[in-house]
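A structural walkthrough
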Amino acid sequence: MGLSLKNIGEKLHSSLKKLKKEKQPPVEPAESVKAPKLSEEAYSLLQKLYEELGPRAAATPESRSAARRIGEIFGAFADEVTITSGRIIPHLYRYMLFSVMFSSFLIFIFTVVGLPIISIAVALLCILSVISELQMKTNPLRRFFPTGEAANVHGVIDPEGPVEHTVVLSAHHDTAAESKTEKEGLLSKLSIQTGAAGFVFIVILSVIELVVETVSGKIPGLGLPHWSMVLLLLLALAFILVSIYAVIASEGAHTRGAGDNLSGVAVIATLCRYFSARRKEGKGLSTTRLVFVSFDGEECGAAGSAVWYHDNSHILINPVNINFDGLYNEEDLAFLSSDGNGFVPLSASLASRCSLLSIEMGYGIQTGKLGLLGGSTDAASAAAAGIDATTLTSMAKNRETPAHTEEDTPDKVSQEALSMAMSVAIKLINEIDSKDEEEEVAPSILDSGRKYRLSRY
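Residues numbered from 1 in each chain as written. Predicted model: local features only at pLDDT ≥ 70, side-chain atom pairs only at ≥ 80, totals over all residues. Heavy atoms only, no water.

1. Description of the environment of His404
- Within the element layout of this structure, His404 appears in the loop between β12 (388–393) and α12 (415–433).
- The exposure class assigned to His404 is buried, which follows from its relative accessible area of 9%.
- Between the alpha carbons of His404 and Gly257 there is a distance of 7.3 Å; along the sequence they are 147 residues apart.
- Looking at His404, its side chain comes within polar contact range of the side chain of Asp260, at 3.4 Å. (Helix = DSSP H or I, 4+ residues; strand = E, 2+ residues; numbered from the N terminus. Buried < 20%, exposed > 50% of the residue type's maximum accessible area, 1.4 Å probe, protein only. Polar contact = N/O pair within 3.5 Å; in protein donor to acceptor, adjacent residues only side chain to side chain.)

Set out below in structure tokens:
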């Protein structure tokens, strides 16, 4: 005897109702692509490089030697390895600080003698010079600063098919001058930020004096302002000079930089070996070229990476950049969506995409932004070259790290941070290489909007 349509409908409804009542299996986090094992390799390499390489100031024989050593590591796995050189300004920030000091002195002099309009012109030139340097590295004063030869090194692993995408995995091998943190009292509170605040104040005083002289009909003409204005100008100038002097005087010998940034170098070198091994197993990427690059000159305004992106644009097809810098601990890791001391926007969508991948793997890495004068990384150079870029760092949450100190040793670097960095990178690369690439993640969904400052500044 056959079933009626009514009976069939009732049975289907009953079956669906029963399925809904059944307990659903818990959602498992996405696979972390065995990066915990890779992190042991990366940490071992970090320790080895730390023992082999000493302090590495930018554009010195030591930094060039480090580039050659990293090139040897790339050479065991990459299709080709290239070491390139370029002229950079090793002490760029110091010269810029001296320029600000000199400009502040001129502003003071011209305002005191009754020519505030010239003071304002000097201030505008100084501000434009600094911004042009931080944003585009086109500071007109560059021609007066002495240069040195930097060495960048990169390795390339090509896909099995035609190249449709490029992922640049970057770090830097130069190290910073030690920042002496044992200052006490007032000097411990002085920084680039306080010097900038003093500069803004002296410019405001000049504008006020210009308004006063205009209203009183003293322009044009020479003459001393009111004694209270002279006193305020003098105090502002002293504050600027003392702040900048405190920054410059705090620099000591160069560090050996385990976390900043042999941690990043170890990550990209280990990823180079990983993707080389995958290709030998017949599981290579289909259409995505990988470029592993270690820059010189990050500690002096990301100068080396600016040269590299200018000279190597021909190998970058639809590129994105993940930069690794200062991977000390997993709790403070963040993907940056702004750089260049707050003047250079990075890719908020890429930072959010990486953050989302980390959430799927159970890591929960946040996104963040570098605030005004909050520091800079090599991702700024990629962004200036029109490339979607982000930096993964644990130095951006306003907490103390060993960066720029003699305490920057391998034991300060967490293997879990290295594991998380490589897991997200591998997942992103595989996603980019797949034909079913996900839609771009809206940055507003994941970006916390928090403003950070690199802990070393």
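2. Quick word on the packing of aromatic side chains
- By the definition in use, this model includes six aromatic pairs.
- Ring geometry for Tyr274 and Phe275: centres 5.0 Å apart, planes at 85 degrees, overall edge-to-face.
- Judged by centre distance (5.8 Å) and plane angle (70 degrees), the rings of Phe295 and Trp308 are edge-to-face. Highlighted residues: Phe295 in strand β6 (residues 288–295) and Trp308 in helix α9 (residues 303–311), separated in sequence by 13 residues. Side by side, Phe295 and Trp308 carry an identical accessibility label, which is buried.
- By the ring-pair criterion, three or more aromatic residues cluster together here, those being Phe295, Trp308 and Tyr309.
- In this structure, Arg256 is placed above the aromatic ring of Tyr50, and the distance from its NZ or CZ to the ring centre is 4.3 Å. (Phe/Tyr/Trp six-rings, centres within 6.5 Å; stacked < 30°, edge-to-face > 60°. Lys NZ or Arg CZ within 6 Å of the ring centre and 35° of its normal.)

3. A closer look at a nonpolar patch on the surface
- Residues Phe201, Trp227, Leu231, Leu232 and Leu235 make up a contiguous nonpolar surface patch of about 530 Å² in total accessible area.
- Ranked by residues supplied to the nonpolar patch, first place goes to helix α7 (residues 227–249) with four residues.
- Checked against the element boundaries, Leu235 lands in helix α7.
- We classify Leu235 as exposed; its relative accessible area is 52%. (Patch = residues over 30% accessible without salt bridge, like charges linked within 9 Å, V, L, I, M, F, W, Y side chains within 5 Å. Areas by Shrake-Rupley, 256 points an atom, 1.4 Å probe, with all protein chains shown as cover. Salt bridge = Lys/Arg side-chain N within 4 Å of Asp/Glu carboxyl O.)

4. Concerning the pairing of strand β2 (residues 148–157)
- Most of β2 sits out of view: nine of its ten residues are buried.
- In the sheet, strand β1 (residues 80–88) pairs with β2 via nine bridges, with the strands oriented antiparallel. In the strand pairing of β2, Ile88 is matched with Gly148.
- In this sheet, β6 lies alongside β2 in antiparallel orientation, the contact comprising five bridges. Within β6, the residue paired with Gly155 across the bridge is Phe292. (Pairing = 2+ DSSP bridges.)

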